[in-house]
Amino acid sequence: MKRFLGAACGAWMMFQPALAQNPIVSHCYTADPAPVAFEGEDSLYVYCDEDMNVAGVHDFYYMERWRVYSTVDMVNWTDHGVAMPRTAFSWAREGTCWASQCVKRGDTYYWYMCASKPGDWRHYIGVGKSSKPSGPFKDARKQPIVDTGGGGDIDPTVFVDDDGQAYLYWGNNKLCYAKLKANMILLNTAIGNKGVVEVPLTADAFGGVKVNDQVTGQDCYEEGPWLDKRGDHYYLMYAAGGVPEHISYSMSDSPTGPWTYKGQVMTQQNTGSFTNHSGMVHYKGHDYFFYHTGWARGGGGFNRSMAAEEMFFNADGTIRPVHATRQGVKPLCTMNPYERQQAETLNAAYGISVVGNETKGVYVTGIQAGDSMRVAHVDFGTTGASTLTLRVAAEKGGGLLVVRQDNARGKIIARIRIEATGGNEVWEERTFDLTNSPTGVHDVHFSFIGQAEETLFNWDWWQFEQQTTGIRDVNAAAASPSPDVFYTLQGVPTASPTRGVYIRGGKKVMVR
Ligand code: FUB
């Protein structure tokens, strides 16, 4: 269940994405994206909370955990499971895990979150910590680190400046900041009110003011701040204008302002979500803007989904407007099917769930008849694949996995019956022959057939075996006169076959 991301990032070819990439996660509802490219890491991470609203049960935000996703290509996202459950914070109230952001300092990852307390609807800001970006995270302070007493203490954004000073901004209908001490869990109380400075929400700084829910001026700050820096410019992006929200931004030459209002980054869009929440990140030479929508199946204002667009800056540092699109971003590279790929690395998926965490292991579960999964931009090369190996666990067995090229109606690559392994946690690696092997770059579509309502199997990872050049042309019977000897594909007998494809007894065999 370790992560072995395989992507031929150097060998990108002229292959245009055929499919919509937004939302970036479709098997669960993910909100309030906070992207980060940690120095020295190949992957881009996005931290978020999970919307778990069930109509008629919790007709509001119901959020029990924060999740982490990572990518190397911007189109296939690895779900790292429940990296920080609400229960990691003994003081946090059920269902109130709202927006968050993670940064790294030294060797430690600090994930700033907000939640209410039992019997109290106000939110408080706390922080989890972990030695790994994908967690699991534990409460670093065992109590909130911000409690102004006045409510609105939501949506922490954190930024470590070039001089090492870390800043925390947050607030709904108010905007506050604090300087963090080097330990990242205490406020520097030398400034503000016990370390908290409230930023005046003036028209110059934020485009307008809101009093009694009435906006005076062209815009106003609402919530969801995002503090960042490009060159010498500091940026504060935020959800603005009241509900429904758009995204606006202000700039400054200092992380503590004064801020100057610069306009809207993303105007109000028809995405089915009345909130929006943004983050920006520079990754592999591109700038990306993350936001949320109601675009996943069954989605809406309380069941939101993260999306991403490429963003661009003008020469003076101002941000060009970003539009919400279904198409999303272009892939940065292809996926290598001949390296082990986690089943939970997905371009899209419907019906399944991803469970676990990086300590226990993360895998795909809840696979039922009618569910499907897809990975995008997989490069099978010129020779194609010979077999597909899966690591699976199945209590009952009998479920059928159909692997297709490109989409749900594409050419069948394999039809695989997953027999019982002895239990849903009894894992086995199994290798299957293919019906057809694709060559070149394709999406790969997995669909599941079986008894209705039954969980067919759990799935950890998959890997294709690359076809050896020329194997299709071998006349196996002629090339293998003796039934007990291993012959190379050129018909040369070999006493000690190493890993690869051979001929024996007139048949192709794989030596592992
Ligand atoms: O996700 C709950 C709340 O909705 C967030 O904290 C706000 O930013 C808004 O997106």
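Residues numbered from 1 in each chain as written. Predicted model: local features only at pLDDT ≥ 70, side-chain atom pairs only at ≥ 80, totals over all residues. Heavy atoms only, no water.

1. A look at the site of the ligand
As a reminder, the rule being used: We call a residue near a molecule or strand as soon as one heavy atom of that residue lies within 4 Å of the molecule or strand. Throughout this description, a polar contact denotes any pair of N or O atoms lying within 3.5 Å of each other; where both atoms belong to protein, one of them has to be capable of donating a hydrogen while the other can accept it, and for residues adjacent in sequence the pair is counted only when both atoms sit in side chains. Polar here means any residue outside two lists: the nonpolar Ala, Val, Leu, Ile, Met, Phe, Trp, Tyr, Cys and Pro, and the charged Asp, Glu, Lys and Arg; Gly therefore counts as polar.
Surveying the vicinity of the ligand reveals the residues Asp32, Tyr61, Met63, Trp98, Ala99, Asp155, Glu223, Thr275, His277, His292 and Arg304. Contact between the ligand and His277: an oxygen atom at 2.8 Å from a side-chain N or O atom of the residue. In this structure, Arg304 approaches the ligand through a side-chain N or O atom, which is 2.7 Å from an oxygen atom. Residues belonging to the shell around the ligand are distributed by class as follows: 4 nonpolar, 3 polar and 4 charged.

2. What to know about the pairing of strand β3 (residues 44–51)
Heads up, the rule is: Working definition: with a 1.4 Å probe on protein chains only, accessible area under 20% of the residue-type maximum means buried, over 50% means exposed, and in between means partly exposed. The way it works is that DSSP assigns letters per residue, a run of H or I at least four long becomes a helix, a run of E at least two long becomes a strand, and they are numbered from the N terminus. Strand pairing follows a simple DSSP-based rule, namely that at least 2 bridges must link the two strands.
The buried fraction of β3 is high, at 8 of 8 residues. Of the two faces of β3, the one lined by Leu44, Val46, Cys48 and Glu50 and the one lined by Tyr45, Tyr47, Asp49 and Asp51 are each fully buried. In the sheet, strand β2 (residues 29–36) pairs with β3 via 6 bridges, with the strands oriented antiparallel. Among the inter-strand pairings, Tyr29 is bridged to a residue of β3, identified as Asp51.

3. Regarding the sheet that holds strand β18 (residues 233–240)
Where we set the bar: Axis lines are fitted through C-alpha atoms, for helices just across the contact stretch, and the angle between N-to-C directions can take any value from 0 to 180 degrees.
A sheet is described by the order of its strands in space; here 4 strands give the open sequence β17-β18-β19-β20, paired in antiparallel fashion. The open sheet has two edge strands with one neighbour each: β17 (221–230) and β20 (260–266). Strand-to-strand, the axes of this sheet are offset by a mean angle of 25 degrees, without reference to chain direction. Judged from the 7 bridges that link them, β17 and β18 form a sheet pairing that is antiparallel. When the bridges of β18 are listed, Lys229 appears paired with Tyr234.

4. Details of the layout of surface pockets
Summary: where empty space remains is shown by rolling a probe the size of a single water molecule over the atoms. Short version of the rule: The rule is simple: put a 1 Å grid over the protein atoms alone, call a set of points where a 1.4 Å probe fits but cannot get out a cavity, call an open set with protein on both sides within 12 Å along at least five of seven lines a pocket, and count a residue as lining if it has an atom within 4 Å of a point. Grid points are joined across faces, edges and corners, and a volume is the space filled by probe spheres set on the points.
The volume enclosed by the largest pocket comes to roughly 670 Å³. Considering the residues around the largest pocket, the lining is formed by 21 residues, among which Val36, Ala37, Phe38, Glu39 and Val160 are closest to the centre. For the lining of the largest pocket, the secondary-structure elements that each account for two or more residues are β2, β7 (101–105), β11 (157–160), β17 and β21 (279–283). With 5 residues, the single largest contributor to the lining of the largest pocket is β17. Looking at the lining of the largest pocket, its residues break down into 13 nonpolar, 2 polar and 6 charged.

5. What to know about the nonpolar core
Nonpolar side chains in soluble globular proteins tend to end up buried together. Test applied: We call a set of buried Ala, Val, Leu, Ile, Met, Phe, Trp, Tyr and Cys residues a nonpolar core when their side-chain atoms join them within 4.5 Å. Residues count as neighbours in contact if any of their non-hydrogen atoms are within 4.5 Å of one another.
Core analysis: the biggest nonpolar cluster contains 64 residues, and Tyr47, Trp111, Tyr112, Leu168, Leu180 and Phe289 have the highest contact counts within it. Beyond its immediate sequence surroundings of up to four residues, Tyr112 is in contact with Ala99, Ser100, Gln101, Val103, Gly126, Val127, Ile145, Pro156, Val158, Leu168, Leu180 and Met184. Judged by nonpolar contacts, the second largest core, of 35 residues, contains Leu388, Leu390, Val403 and Phe457.

6. A closer look at the packing of aromatic side chains
The description of two aromatic rings rests on the distance between their centres and on the angle between their planes. Applied cut-off: Only centres within 6.5 Å qualify two rings of Phe, Tyr or Trp (six-membered ring in Trp) as a pair; their planes then separate them into stacked at under 30 degrees, edge-to-face at over 60, and tilted for everything else. A ring is considered to have a charge above it if a Lys NZ or an Arg CZ atom is located within 6 Å of its centre and within 35 degrees of its normal.
All told, the structure shown has 34 aromatic pairs when counted by the stated rule. Seen from their ring centres, Tyr47 and Trp111 are 4.8 Å apart, and the 75 degrees between their planes marks the pair as edge-to-face. Pair noted here: Tyr47 is in strand β3 and Trp111 is in strand β8 (residues 108–117), with a separation of 64 residues, a long-range link. Classification of Tyr47 as buried rests on a relative accessible area of 0%. Aromatic pair Phe89 and Trp91: ring centres 5.9 Å apart, planes at 70 degrees, arrangement edge-to-face. As far as burial versus exposure is concerned, Phe89 and Trp91 are alike and both buried. Here the aromatic residues Tyr338, Phe380, Phe446, Phe448, Phe457, Trp459, Trp462 and Phe464 are joined through ring pairs into a cluster of three or more. Over the ring of Trp121 we find Arg93; its NZ or CZ atom is 3.9 Å from the centre of that ring. Over the ring of Trp461 we find Arg340, and its NZ or CZ is 3.9 Å from the ring centre.

7. Some remarks on the sheet that holds strand β9 (residues 120–130)
Ordered by their spatial adjacency, 4 strands build an open sheet running β7-β8-β9-β10, and the pairing between neighbours is antiparallel. Each having just a single partner strand, β7 and β10 (138–139) make up the two edges of the open sheet.

8. Observations regarding the environment of Val243
Secondary-structure assignment places Val243 in the loop between β18 and β19 (246–252). Val243 sits 31 residues away from Phe274 along the chain, and the two C-alpha atoms are 6.2 Å apart.

9. Considerations on the domain arrangement of the chain
A common measure of how large an interface is: the accessible area buried when the components associate. Filter applied, for reference: Note that domain bounds follow an automatic or database assignment of domains.
Each domain of the chain was delimited in the assignment, giving domain 1 (24–333), domain 2 (334–466) and domain 3 (474–511). Relative to domain 3, the C-alpha centre of domain 1 lies at a distance of 59 Å.

10. A short note on the state of the cysteines
For clarity, the cut-off: We call a pair of cysteine sulfur atoms a disulfide when they lie within 2.5 Å.
In this structure the tally under the stated criterion is 0 disulfides. Here Cys176 stays free of any disulfide, with the sulfur of Cys114 as its closest cysteine sulfur at 13 Å. We classify Cys176 as buried; its relative accessible area is 1%.

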